[in-house]
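# Observations on chain architecture
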Amino acid sequence: IFILNTKYLRLINFSFLENLTFNIIIQINFILILSLFDLRHEFIIKIYLYSYLIIFILYLFKWKYFLETIKKININIMMLVLISTIISLDIAHNLTLSWDAEKFWFYKVLNFFNNNSISNLVNLPNNFYPHLGTLLWATYWKISLIPNEYSGRIFFCFIYLLSIFLLVENLKLNAVLKLIFSLLFILLTYDYYLLFSGGQD
C-alpha cells in the first residue's frame, strides 16, 4: 500500500497480521455492500467466491511474493491458528445459543441461509436489528466444509483472536512477551456465552 508523501511515494510494509486484517475488512464490506443491493444470499455467495477465485488466480502469478509471505510466518501466526482451532472445538462442543440469539438473531441467520434477501427481514421479529453479523454468520455457514450452524460462528472466533494478536503485535515487546501477553489477554477475556453464543453485541 502506498501513502502519498510531500516528496515521494513511500512503500509501507505491513505485517502478515495487518494484511490479513485489511483483507477481512474488505471481505466484510464487500459482503455488506452486496447485501444492500437486495440480492439473494446464494447470489451474494457466488459473487464473493468468484471474486476470490479471480484474486487467487492473479495471486498465483505473484508466486515469489507468496513464498516471501510464507517465510514471514512466525510463532504468533502459528499460535493464532492453534488457539482458533481449540476455541472452534469449544464452539462445536457447547452448541449453545444465548436467549437473544435464539429469539431474534438466529431467525435473521436462517433468512439469509434459506436464500432470502435483506428485504425479507421485515417479516422477522425485531427487524430493526442490524443484519451484518447474521449475514456473515449465514455466509460462512454456507461456504464452510462443515454443514452445521456453528461453522458460521467460527468466523467470529477468528476475528476475536486476530484482534488480540494484532493489538499485542503493535506493543513494543519482544516476541516471547508478546506471546505471553496474548495468551493472558485471551484467558482473561474468553467467555463462550458472551462471545460465541450467537449474540451480536
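Report on the accompanying structure.

Conventions and cut-offs
Residues numbered from 1 in each chain as written. Predicted model: local features only at pLDDT ≥ 70, side-chain atom pairs only at ≥ 80, totals over all residues. Heavy atoms only, no water. Helix = DSSP H or I, 4+ residues; strand = E, 2+ residues; numbered from the N terminus. Buried < 20%, exposed > 50% of the residue type's maximum accessible area, 1.4 Å probe, protein only. Polar contact = N/O pair within 3.5 Å; in protein donor to acceptor, adjacent residues only side chain to side chain. Contact = heavy atoms within 4.5 Å. Phe/Tyr/Trp six-rings, centres within 6.5 Å; stacked < 30°, edge-to-face > 60°. Core = buried A, V, L, I, M, F, W, Y, C linked by side-chain atoms within 4.5 Å.

## Observations concerning the side chain of Arg153
With respect to the element layout, Arg153 can be found in helix α7 (residues 150-169). Residue Arg153 is classed as buried on the basis of its relative accessible area of 2%. Reaching out from Arg153, the side chain makes a polar contact with the backbone oxygen of Thr96 at a distance of 3.2 Å. Separated by 2.7 Å, the side chains of Arg153 and Glu149 make a polar contact. If near-sequence neighbours (up to four positions away) are discounted, Arg153 is found in contact with Ile91, Leu95, Thr96, Leu97, Trp137, Tyr192, Phe196, Ser197 and Gly198.

## Looking at the packing of aromatic side chains
Summed over all chains, the structure comprises 14 aromatic pairs. Ring centres 6.4 Å apart and planes at 85 degrees place the aromatic pair Tyr48 and Tyr140 in the edge-to-face group. Taken as a pair, Tyr48 in helix α2 (residues 41-60) and Tyr140 in helix α6 (residues 132-143) lie far apart in primary sequence, 92 residues in all. Accessibility expressed as a relative area gives 6% for Tyr48, which makes it buried. On the basis of relative accessible area, Tyr140 is assigned to the buried category, the value being 12%.

## Some thoughts on the nonpolar core
Ile87 and Leu161 are the most contacted members of the largest nonpolar core, which totals 38 residues. At the level of secondary structure, the elements contributing two or more residues to this core comprise α1 (16-36), α2, α4 (75-94), α5 (99-113), α6, α7 and α8 (175-189). No other element matches α7, which puts ten residues into this core. Not counting the four nearest positions on each side in its chain, Ile87 is found in contact with Cys157, Tyr160, Leu161, Tyr190 and Phe196.

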